[in-house]
Amino acid sequence: MQAKIEKMKKDSAYHSASLKYWNREAGVKRRQGGLTRGLSRSKSDAYSKALWVLGKGRLAQEGIYKQKAKISRYADKTGVSRSNRYNVAAYKKILDKQRQIESTLNNTFGRNMDIAHQMITRNHNAQVAKNRASLGARPEYGMPVMMPPKDRAGQMFANLQLGMSIGKLFMPG
């Protein structure tokens, strides 16, 4: 009887631990969905920031194109052509500004975007690992409870003895 009680306790503890694990597992699945949404939003935010920089760069290039259009090789008042070196310094300044803008855009969509994606990915992986660690280990049943052996031969002899004692009551003698 003691072994049956022990087995019932062990079964009850195992089922309780299994239910707790299942509940933690459901929570982990819910958080996993949130982490995936967070990853997508982070990547989208990084891309939006890069697009904002691109817009600023195009706005700056628009100003450069306007400056370029104002440069002329002709004298303003007379309309006579000047030397081929006329306004070269101004043109070089414009080209330098354009180079700076293009360099910024290349860095934004190249190196900086890669750094942002690496940071986002590492953060996501750390959060996923933390989420998985919160789940814990699965419950284990452990060693089975040993039942005491049944003494079938002893039981048979006890039944025979009981039968013989009952039989003696009905025997004359």
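Here we summarise the structure given alongside this text. (Residues numbered from 1 in each chain as written. Predicted model: local features only at pLDDT ≥ 70, side-chain atom pairs only at ≥ 80, totals over all residues. Heavy atoms only, no water.)

What follows concerns the packing of helix H2 (residues 88-109) against helix H3 (residues 111-135). It is at 2 Å that the axes of H2 and H3 come closest, and there the two elements cross at 25 degrees. With respect to each other, H2 and H3 are oriented roughly parallel. Where H2 approaches H3, its residues Asn106, Asn107, Thr108 and Phe109 are matched on the opposing element by Arg111, Asn112 and Met113. Its residues assigned to classes, the contact of H2 with H3 comprises two nonpolar, four polar and one charged. (Axes fitted to C-alpha atoms, helices over the stretch in contact; angles between N-to-C directions. Helix = DSSP H or I, 4+ residues; strand = E, 2+ residues; numbered from the N terminus. Parallel < 35°, antiparallel > 145°, perpendicular 65-115°, else oblique. Contact = heavy atoms within 4.5 Å. Nonpolar A, V, L, I, M, F, W, Y, C, P; charged D, E, K, R; others polar.)

The end-to-end C-alpha distance of H3, which contains 25 residues, comes to 37 Å, matching closely the 36 Å that a straight helix rising 1.5 Å per residue would cover. Within H3 the residues assigned to the buried category are Met113, Ile120, His124, Asn131 and Leu135. As for H3, its buried residues are in contact with helix H1 (2-70) and H2. Trailing H3 by a residue or two, Gly136 shows a phi angle of about 80 degrees, which is positive. (Expected span 1.5 Å × (residues − 1). Buried < 20%, exposed > 50% of the residue type's maximum accessible area, 1.4 Å probe, protein only.)

Glancing now at the environment of Lys130. In this fold, Lys130 is placed in helix H3. Sequence separation between Lys130 and Gln161 is 31 residues, and the spatial gap between their C-alpha atoms is 68 Å.

Another point: the packing of H1 against H2. At a minimum axis separation of 10 Å, H1 and H2 run at an interaxial angle of 170 degrees. When the axis of H1 is compared with that of H2, the two are roughly antiparallel. Counting all contacts with H1, which are made through Tyr47, Ala50, Leu51, Val53, Leu54, Gly57, Ala60, Gln61, Ile64, Tyr65, Gln67 and Lys68, the residues of H2 involved are Tyr91, Ile94, Lys97, Gln98, Ile101, Glu102, Thr104, Leu105, Thr108 and Phe109. Residues that form the contact of H1 with H2 fall into these classes: 13 nonpolar, six polar and three charged.

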